[in-house]
Amino acid sequence: MNFPQLRLRRLRKNERIRRLVRETSLSVDDFIYPLFVRPGKGVKIPISSMVGQFQLSIDHIIEEVEEADVLGIPGVILFGIPERKDEMGSEAYSDDGIIQRAVRAIKEESPDFLVITDVCLCEYTSHGHCGVVEGDQILNDPTLELLAKQALSHARAGADMVAPSDMMDGRVAAVRKALDENGYSETPILAYSAKFASSFYGPFREAVESAPQFGDRKSYQMDFANAHEALREVRLDIQEGADIVMVKPALPYLDVISRVKDEFDIPVAAYNVSGEYAMIKAAAHLGWIDGERAMMESLLSIKRAGADFILTYFAKEAAKRL
Ligand code: PBG
């Protein structure tokens, strides 16, 4: 059958029909809310490039978690701004580090709420790179040991899941081994598997003050021209023991999300990153788009591409709309 007998508009006639045939839906279960934690008390510093997002001290983090919990959001992912940054990022793997303290505090107040921690050195190193630096090189193997220590100390603090985001080769295996050898064989790994060297991380780097002090991240994060390589990264992370794989950023990489979902039978997460958030907020602020609708459309498109869940700064706003 063809036009004029066949008319696809029949099923778009009204909202009730559209609801019946809608293929994809968003739910509050799909969101993980990223939070930025910093030392101090009563500290709430707005992040200028991410309207509505803040650097928060632990007391405020607790409030945010309670609010997210009430909205039905399953969990948060934590990023830390340490007291002090140094060459080796030592606060990253200190049991007294900002993340470790935040996790313990959240778990004390809301033991069931899901706490995921970002495992990476860039927020903690004075040079802003995600690994150990020698000259102008970012060393792979010496970094693995530090990442494993960091993940282990997060698990010891009570983290429900750890998320390595550094893009060193072999980090998932190193983290898995450290967890397994120390009694945390039940702690899942959410691997940032296909993480691209993206300009869309700009606002995040302002948020955690982690812009690299020299060079860029292209020797470890992926070339954004490559999709086959993304599948190789995912395959390797699965072999090394990842429980969930992630594609990051989300919107410019919907093709990658879709291919990963088709190729592998493992849950796929997508990170709707800071720049994606900032673009919608900025255009909405200028009155150039309807921010709420653009938010819902973006999040839905990430699900339609195949993501099982989304890390997004829109989590609370979207949850309120659902
Ligand atoms: C690295 C990390 C980054 C983001 C999450 N983890 C930044 C980077 O690689 O420079 C970016 C998240 C965002 O832009 O929202 N620890």
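Structural data are supplied above this passage.
Just so it is clear, the structure is predicted and the values come from calculations on it, not from any experiment.

## A few points about unusual backbone geometry
Right, on to step 1. Following Phe3, the chain continues to Pro4 via a peptide bond in cis, the omega torsion being 15°.
Right, on to step 2. Here Pro4 lies in the segment before helix 1 (15-21).
Right, on to step 3. Pro249 follows Lys248 through a cis peptide bond whose omega is -10°.
Right, on to step 4. Mapped onto the fold, Pro249 is located in the loop between strand 10 (244-248) and helix 8 (254-263).
Right, on to step 5. Backbone geometry at Met167 places phi at a positive 70°, although glycine is not the residue there.
Right, on to step 6. Relative to the assigned elements, Met167 resides in the loop between strand 8 (161-164) and helix 5 (171-181).
Right, on to step 7. On the basis of relative accessibility, which here comes to 5%, the residue Met167 falls in the buried class.
Right, on to step 8. Phi is positive for Glu209, close to 50°, though the residue is something other than glycine.
Right, on to step 9. Here Glu209 lies in the loop between helix 6 (202-208) and helix 7 (228-240).

## A look at the layout of surface pockets
Right, on to step 1. What the largest pocket holds in volume is close to 200 Å³.
Right, on to step 2. Taken together, Arg18, Val21, Arg22, Glu23, Thr24, Leu300 and Arg304 form the lining of the largest pocket.
Right, on to step 3. In terms of residue class, the lining of the largest pocket is made up of two nonpolar, one polar and four charged.

## Looking at the side chain of Gln55
Right, on to step 1. Examined against the element boundaries, Gln55 turns out to sit in strand 3 (residues 54-56).
Right, on to step 2. Only 2.4 Å separates the side chain of Gln55 from the side chain of Arg38, close enough to count as a polar contact.
Right, on to step 3. For Gln55, the side chain forms a polar contact with the main-chain oxygen of Ala207, separated by 2.6 Å.
Right, on to step 4. Gln55 has contacts with Phe36, Arg38, Val43, Lys44, Ile45, Ile47, Ile81, Glu206, Ala207 and Glu209, leaving out every residue within four places of it along the chain.

## Side note on the nonpolar core
Right, on to step 1. Ranked by internal contacts, the top residues of the largest apolar core, which has 106 residues, are Phe36, Leu78, Leu190, Val256, Ile257 and Val260.
Right, on to step 2. Dropping the residues within four chain positions of it, Ile257 is found in contact with Val247, Ala250, Val268, Ala270, Ile302, Ala305, Gly306 and Ala307.

Reading the values: rules and limits
- Within any chain, residue numbers begin from 1 and follow the written order of that chain's sequence.
- Reporting in this predicted model follows two pLDDT cut-offs: at least 70 for local features of residues, and 80 or more for side-chain atom pairs to be given and counted; totals over whole chains, interfaces and linings ignore these cut-offs and use all residues.
- Here the side-chain values reflect all heavy atoms present in the structure, with hydrogen atoms and water set aside.
- Runs of E in the DSSP output that reach at least two residues are strands. Runs of H or I that reach at least four are helices, and both are numbered from the N terminus.
- Only protein chains enter the accessibility calculation, which uses a 1.4 Å probe; a residue whose area is less than 20% of its type maximum is buried, one above 50% is exposed, and one in between is partly exposed.
- Any residue with an atom within 4 Å of a point lines the site, the site being either a cavity, points on a 1 Å grid over the protein atoms alone where a 1.4 Å probe fits but cannot get out, or a pocket, an open set with protein on both sides within 12 Å along at least 5 of 7 lines.
- Grid points are joined across faces, edges and corners, and a volume is the space filled by probe spheres set on the points.
- Amino acid classes used here: Ala, Val, Leu, Ile, Met, Phe, Trp, Tyr, Cys and Pro are nonpolar; Asp, Glu, Lys and Arg are charged; the rest, including Gly, are polar.
- Under the rule applied, a polar contact is a pair of N or O atoms within 3.5 Å (in protein, one hydrogen donor and one hydrogen acceptor; residues adjacent in sequence only if both atoms are side-chain atoms).
- Residue contacts are defined here by distance: any two heavy atoms, one from each residue, within 4.5 Å place the two residues in contact.
- The nonpolar core is taken to be a set of buried Ala, Val, Leu, Ile, Met, Phe, Trp, Tyr and Cys residues, with the residues joined through side-chain atoms within 4.5 Å.

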